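Each chain is listed here by its residues.
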Amino acid sequence: MLNYKDFIKVRDFLYRKTGIYIDDKKQDSFIKKLAPYLEENGYENFRSFFHTLRFGNNQNFIQDIINLITVNETYFYREKHQFESLIDIVLPKIHKSKPRNETIRILCAPSSSGEEPYTIALNLLDEGTILAERDIELVGIDIDSKIINKAKKGTYNKRSIQFIPNHLLKKFFKVDGLNFNIDNMIKGAVNFKVANIMDKRQMRQLGKFDIIFSRNMLIYFDDESRRDVGVTFYDLLKSDGYIFLGHADKMSRISSLFRTQKLGKSLIYQKYK
Ligand SMILES: C[S@@+](CC[C@H](N)C(=O)[O-])C[C@H]1O[C@@H](n2cnc3c(N)ncnc32)[C@H](O)[C@@H]1O
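This paragraph deals with unusual backbone geometry. Pro 110 follows Ala 109 through a cis peptide bond whose omega is 15°. In this structure, Pro 110 sits in the loop between strand E1 (104-108) and helix H6 (115-127). Although it is not a glycine, Tyr 77 sits at a positive phi angle of roughly 60°. Tyr 77 sits in the buried class, given a relative accessible area of 6%. A positive phi is found at Asn 216, a non-glycine position, where the angle reads about 65°. Tracing the backbone through its elements, the reader meets Asn 216 in the loop between strand E7 (209-214) and helix H13 (223-236). Classification of Asn 216 as buried rests on a relative accessible area of 15%.

Pairing is antiparallel in the open sheet, where three strands are placed in the order E3-E5-E4. Each having just a single partner strand, strand E3 (155-156) and strand E4 (173-176) make up the two edges of the open sheet. Both E4 and strand E5 (residues 179-182) contribute to a ladder of four bridges, which runs antiparallel. Bridge pairing in E5 places Phe 173 opposite Ile 182.

What surrounds the ligand is a group of 21 residues, the closest being Thr 18, Thr 74, Arg 78, Asp 142 and Asn 216. One nitrogen or oxygen atom from the side chain of Asn 196 is found 2.9 Å from a nitrogen atom belonging to the ligand. In the model, a nitrogen atom of the ligand is placed 2.9 Å from a nitrogen or oxygen of the Ile 197 main chain. In isolation the ligand exposes 610 Å². Once the protein is present, 99% of that is buried. Here the shell around the ligand is built from residues that sort into eight nonpolar, seven polar and six charged.

Conventions we followed
- Residues numbered from 1 in each chain as written.
- Predicted model: local features only at pLDDT ≥ 70, side-chain atom pairs only at ≥ 80, totals over all residues.
- Heavy atoms only, no water.
- Helix = DSSP H or I, 4+ residues; strand = E, 2+ residues; numbered from the N terminus.
- Buried < 20%, exposed > 50% of the residue type's maximum accessible area, 1.4 Å probe, protein only.
- Pairing = 2+ DSSP bridges.
- Near = heavy atom within 4 Å.
- Polar contact = N/O pair within 3.5 Å; in protein donor to acceptor, adjacent residues only side chain to side chain.
- Areas by Shrake-Rupley, 256 points an atom, 1.4 Å probe, with all protein chains shown as cover.
- Nonpolar A, V, L, I, M, F, W, Y, C, P; charged D, E, K, R; others polar.

Right under this line is the structure:
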């Protein structure tokens, strides 16, 4: 149904909208995902589909197509050393320098199905002393509406929970057949929202943060989008705020907006004042 020219049109549209760049090598797998959706929804040719996508202003339809192209791979305690650096070094520093009545705000952009912000919540509860003295707010955003619903539900499979320390697994998860349901108290600790990192207005509405985790999303972006996200993160951070990136993520221009430092085993970026 889709020839190469059609593919380029959809790719460019989605790239402008999301920052995600589907390269030529992924054309076949993209078409394999898109074709059944178009058939199910009665689109007989590419033209009518693209017209609706481009000019229809149908947000649900655009959201469905975005949900098809996202890669949501994640699990609890992914790149564990970053959570150690957060709890042992970064949070104590912020805690020490901030008045006690101020909330520390942490953003996971993107959160996917929630494992990353929930891992932070588990680590905070396990450490205990900082939470006893002040409020910490956790916000998780993702462009994929289906995956945000999954995050809110908090039900995980064995593969996803395999690296959670036993004492925390026992304390905060209930086994339900083959699944593990996260405790309501942990669920309540994270505020999830559907938001597009490329949408400056949506991002501004989130307010300012002390720490941003942005892991394993920028690898799907090209240099231009990464640069753009760098500026967005700069604006979202309070002065001296920190960014944790995944080890495979590159952020062009980050070196001029942020200074890099090794804290514990993690390379962390900090906003220049
Ligand atoms: C591979 S997951 C990473 C999840 C988690 N941070 C981790 O490292 O385990 C990448 C996520 O980025 C999200 N994403 C892609 N483009 C986005 C955008 N423009 N705005 C917000 N989220 C986006 C996808 O929906 C997907 O859930």
